[in-house]
Amino acid sequence: GDAVELTAETFDKKIAEADDVKWLMKFYAPWCGHCKKLAPVWDAAENSVTKSGLKIRFGSVDCTVHKKLCKRFGVSSYPVLKVIDDGGKTVSDYRGGRTTDLVIQYAERLAGPVYTEFTTAKELKNFISQFKSSFVYFRPSEVEASEDAVWHVVHEAAKKMYDVTSIAVAPEDAAEDVGVKIVHNLKALKDHEVVGGRLLVFRKDEAKCYPDSRNRTVEDYVFWINGHRSDILPKVDHTNYRDLAYRGKPIAIAVLRGAKVKETADDTTVTPVEAVPINAEFLQSMKGVAREMEENFAFGYLDGKQWDQFAQQYGVSQRVLPRLLLIEAPTDYYLPLPVEVKGHRSTVEYLTKVASGEVKMLRTWTSAFKYHAQGYWEYIGGGLMLLIFGPISYMFWAEYRADLRRKREEKEKKAMEELKKEK
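Predicted, not measured: the structure shown is a model, and the values here were computed from it. (Residues numbered from 1 in each chain as written. Predicted model: local features only at pLDDT ≥ 70, side-chain atom pairs only at ≥ 80, totals over all residues. Heavy atoms only, no water.)

*Asks:* Please clarify how the pairing of strand β5 (residues 90-93) should be interpreted in this entry.
*Replies:* The side chains of a regular strand alternate between the sheet's two faces. Looking at chain direction, strand β4 (residues 80-85) and β5 are connected through four bridges and run antiparallel. Note that in β5 the partner of Ile84 across the bridge is Val91. (Pairing = 2+ DSSP bridges. Helix = DSSP H or I, 4+ residues; strand = E, 2+ residues; numbered from the N terminus.)

*Asks:* Mind showing me how you'd approach the side chain of Asp85 here?
*Replies:* With respect to the secondary-structure elements, Asp85 resides in strand β4. Setting aside anything within four residues of it in sequence, one finds Asp85 in contact with Val21, Lys22 and Thr90. (Contact = heavy atoms within 4.5 Å.)

*Asks:* I would appreciate a short explanation of the environment of Asp86 in the present structure.
*Replies:* Counting through the fold element by element, Asp86 comes out in the loop between β4 and β5. Taking relative accessible area as the criterion, Asp86 reaches 40% and is therefore assigned partly exposed. Sequence separation between Asp86 and Trp23 is 63 residues; the distance between their C-alpha atoms is 9.5 Å. (Buried < 20%, exposed > 50% of the residue type's maximum accessible area, 1.4 Å probe, protein only.)

*Asks:* For this particular structure, what's the right way to read helix α7 (residues 218-227)?
*Replies:* Residue pairs spaced three or four apart in an α-helix point in one direction, given the helix's 3.6 residues per turn. Burial within α7 is extensive, with eight of its 10 residues counted as buried. Turning to α7, its buried residues are Val218, Asp220, Tyr221, Val222, Trp224, Ile225, Asn226 and Gly227.

*Asks:* Would you take a moment to explain empty space enclosed by the protein for this structure?
*Replies:* Here the idea is plain: a probe the size of a water molecule rolls over the atoms and shows the empty space left. For the coordinates displayed, the defined rule picks out one cavity of 30 Å³ or more. For the largest cavity, the lining is made up of 14 residues, of which Gly227, Ser230, Asp231, Ala298 and Phe299 are closest to its centre. Residues belonging to the lining of the largest cavity are distributed by class as follows: six nonpolar, three polar and five charged. (1 Å grid on protein atoms, 1.4 Å probe; cavity = no way out; pocket = protein on both sides within 12 Å on 5 of 7 lines; lining within 4 Å. Points joined across faces, edges and corners; volume = space filled by probe spheres on them. Nonpolar A, V, L, I, M, F, W, Y, C, P; charged D, E, K, R; others polar.)

*Asks:* It is not clear to me how the layout of surface pockets should be interpreted in this structure. Could you clarify?
*Replies:* For the largest pocket, the calculated volume is near 1,900 Å³. Lining of the largest pocket is provided by 44 residues; of these, Gly96, Gly97, Thr239, Asn240 and Asp243 occupy positions nearest its centre. Every element with two or more residues in the lining of the largest pocket is listed here: α2 (33-52), β4, α4 (100-111) and α8 (241-245). At the level of secondary structure, the elements contributing two or more residues to the lining of the second largest pocket comprise β9 (181-184), β10 (187-188), β11 (198-203), β12 (206-209) and α9 (277-293). When grouped by side-chain class, the residues that make up the lining of the second largest pocket number 12 nonpolar, five polar and 16 charged.

*Asks:* Just checking my understanding: could you explain the sheet that holds β4 for this structure?
*Replies:* Two orientations exist for strands paired in a sheet by backbone hydrogen bonds: parallel and antiparallel. In space, the five strands of this open sheet follow the order β1-β3-β2-β4-β5, with mixed pairing throughout. Because the sheet does not close on itself, it has two edges, and the strands there are β1 (4-6) and β5. Taken over all neighbouring pairs, the strand axes of this sheet differ in orientation by 30 degrees on average, direction set aside. Helix-sheet contacts for α2 involve β2 (22-28), β3 (56-62) and β4, and the interaxial angle to β3 is about 155 degrees. (Axes fitted to C-alpha atoms, helices over the stretch in contact; angles between N-to-C directions.)

*Asks:* How should the sheet that holds strand β16 (residues 298-303) be read in this particular structure?
*Replies:* If you walk across this open sheet you meet the five strands as β16-β13-β17-β18-β19, and the pairing is mixed. What marks the edges here is a single partner per strand, and that holds for β16 and β19 (362-363). As defined by bridge partners, strand β13 (residues 251-256) adjoins β16 across six bridges and the pair is classed as parallel. Within β16, the residue paired with Ile251 across the bridge is Ala298.

*Asks:* What should I look at first to understand the pattern of salt bridges in this one?
*Replies:* Proximity of charged atoms lets side chains of opposite charge pair with each other. Applying the stated rule across the entire model yields 18 salt bridges. A salt bridge links Asp20 to Lys55; its shortest N-O distance comes to 3.7 Å. Here the residue Asp20 occupies a position in the loop between α1 (11-17) and β2, and Lys55 occupies one in the loop between α2 and β3, the gap between them amounting to 35 residues. Classification of Lys55 as exposed rests on a relative accessible area of 52%. The salt bridge involving Glu117 is made with Arg139; its shortest N-O contact spans 3.2 Å. Placement of Glu117 in strand β6 (residues 116-117) and of Arg139 in strand β7 (residues 134-139) is noted, with a sequence separation of 22 residues between them. Taking the relative accessible area as the measure of exposure, Glu117 reaches 42% and is therefore partly exposed. (Salt bridge = Lys/Arg side-chain N within 4 Å of Asp/Glu carboxyl O.)

The following block contains the structure:
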């Protein structure tokens, strides 16, 4: 069936009654175009998840009718998707995709365990092969699990990230037979360096260790997992841009020349954007840059022709492609790399300067306007308050002063009358 339509009267009761399940809640407005587009996706995912027996329920709230309920959850635009757990005690943002398959995948992760335990290299190898990116913590052989302080911290981080990535635990000797190159500090792990007590990210034919230079707090592990849970250089489109761009660090986007289309009388041949020779060479260089700089930047690439309007607002023209574009999405700061910055080494050096603050990013005119307008509106707002409440305050003050004067005059008159009587 379709997602449960909840009202202000039924919301808390329904959530409390199903306290052993997690809710995927959609807050929407019937007139909203994005909401209309999401509706069949949401219902199809709900049907599939319900049939699978997962402890996940789907709900919807019409915010044009139940405004106070939506305000309670901080809804100011539509649609807003939330995850509600523990009978309503825990509320978090939905972090999955917005296609039927991606919503189902997110529901499956939510309903699944925080991590999967493996004992053999064969099991681990099969797990790694299923995902573009996965994380494995290798238990040190000489330390009991109950006494493994690093694992306790990693486990807490896993609880915050299991809904968007895949996490496993295995004995350290399982790493020897996985058949994947393990990298630590951009170099192959040496024979005397152990993986026990380390968290690794596996992507394709390579694994990378959590860096020794980072602190080992829950927040640091969460940040690192969040920044490494996709391909090293994924293709950017409307389904993943927001996810990639909001990971607590700027995103470096390789803006490529458009795909080539060759038309003949009999057929039309399209050369994918990745296969255009100049793009392929640029992407190869950027993969090396990404490996070296992904602690400070997220990375991706896109078709500059399809995303022409997007690229132009950040100062990137199709005439000078391919080109690397930096965007700090939350603030809308941006920086197209100068055309003279070419090749792996010079790009890394330039990005290092950006990361250190030596090279400053730019601000779009819209974000600059918002920033300055906010200050102006504070002054304007203060002036409007003065214009509105100034006269009103003066009226009250004048009335108060007049009242005091009347009371004083009455008191003086009464005193004069008493004085005459005494005479």
